[in-house]
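# Understanding the architecture of this molecule
So the chains spell out like this:
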Amino acid sequence: MKPHKVIGFEIKRVNNLIVRNIHARLAREGFDECTIMHGWILGYLYMHRDSKVCQKNLEDKFGIAKSTATNILKLMEKKGYIERAADEQDGRQKLITLTDAGRDMHFRTIEVIDRFHEDIEAGISPAEKEALYKIIDKIINNLDCKEEDYD
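One numbering rule holds for all chains: residues counted from 1, following each sequence as written. Reporting of local features is limited, given that this is a predicted model, to residues whose pLDDT is at least 70; pairs of side-chain atoms are given and counted only at 80 or more, and all residues count toward the totals for whole chains, interfaces and linings. Neither water nor hydrogens contribute to the side-chain values; these are computed over all heavy atoms in the structure.

## Examining the packing of aromatic side chains
Counted only if it meets this: Only rings of Phe, Tyr and Trp enter the pairing, Trp through its six-membered ring, and a pair is recorded when the two centres are within 6.5 Å. The plane angle decides the type: under 30 degrees is stacked, over 60 is edge-to-face, the rest tilted. Elements are defined by DSSP. Helices are runs of H or I of four residues or more, strands are runs of E of two residues or more, and each kind is numbered from the N terminus. Think of it in three bands: with a 1.4 Å probe and only protein chains considered, a residue is buried below 20% of the maximum accessible area for its type, exposed above 50%, and partly exposed in between.
The full count for this structure, using the stated rule, is 3 aromatic pairs. Where tyrosine 44 meets phenylalanine 62, the ring centres are 6.0 Å apart and the plane angle is 75°; that geometry is what we call edge-to-face. Of this pair, tyrosine 44 sits in helix α2 (residues 36-47) while phenylalanine 62 sits in helix α3 (residues 55-62); the two residues are 18 residues apart in sequence, bridging distant segments of the chain. Each of the two residues, tyrosine 44 as well as phenylalanine 62, counts as buried. On the basis of an interplanar angle of 75° and a centroid distance of 5.0 Å, the ring pair of tyrosine 46 and phenylalanine 107 is categorised as edge-to-face. Taken as a pair, tyrosine 46 in helix α2 and phenylalanine 107 in helix α5 (residues 100-120) lie far apart in primary sequence, 61 residues in all.

## Quick look at the packing of α3 against helix α4 (residues 66-78)
We apply this condition: Axis definition: a line fit to C-alpha positions, over the contact stretch in the case of helices; interaxial angles, taken between N-to-C directions, run 0 to 180 degrees. In this scheme the handedness of a crossing depends on how the near helix is turned from the far one: anticlockwise by less than a right angle means left-handed, clockwise means right-handed. Throughout, a residue-residue contact means that at least one pair of heavy atoms, one from each residue, lies within 4.5 Å. Residues are grouped as follows: Ala, Val, Leu, Ile, Met, Phe, Trp, Tyr, Cys and Pro are nonpolar; Asp, Glu, Lys and Arg are charged; every other residue, Gly included, is polar.
Packing of α3 against α4 brings their axes to within 10 Å, and their N-to-C directions diverge by 115°. In the crossing of α3 with α4, the sense of the turn from one axis to the other is right-handed. Residues Gln55, Leu58 and Glu59 of α3 form the contact with α4, whose participating residues are Lys66, Ala69, Thr70 and Leu73. Considering only residue class, the contact of α3 with α4 consists of 3 nonpolar, 2 polar and 2 charged.

Structural data, given as structure tokens:
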């Protein structure tokens, strides 16, 4: 009898493999404490370098808690990848920008990630990828809960 598969478990298993693989590749390339989330944030900041970006944008984009975002940004600032400054129009907001070191780290990370994507997508046709994206969108839609659903 075939073992019963559960989508949530399989997604978690794939996620664990992806995280382990990327961390191993980054370590082999000599990256110091650069997590996957750091890479995603660096990429987001680079792509939105001509816009105002604040912590809330990152929380919403990556589905992370405020405390998690705060800790990540503190470490990234300490490492010199980002700067935070008060927004002139809203002093309560801190705008986040990439430093030169952050841009350099972004481009170095992209090289590793691009090779990773080539490896992970090997043998998967464009039609198969499109089907996967549609399924993922449906799962995200099914899980898209409002905060009051957790109370």
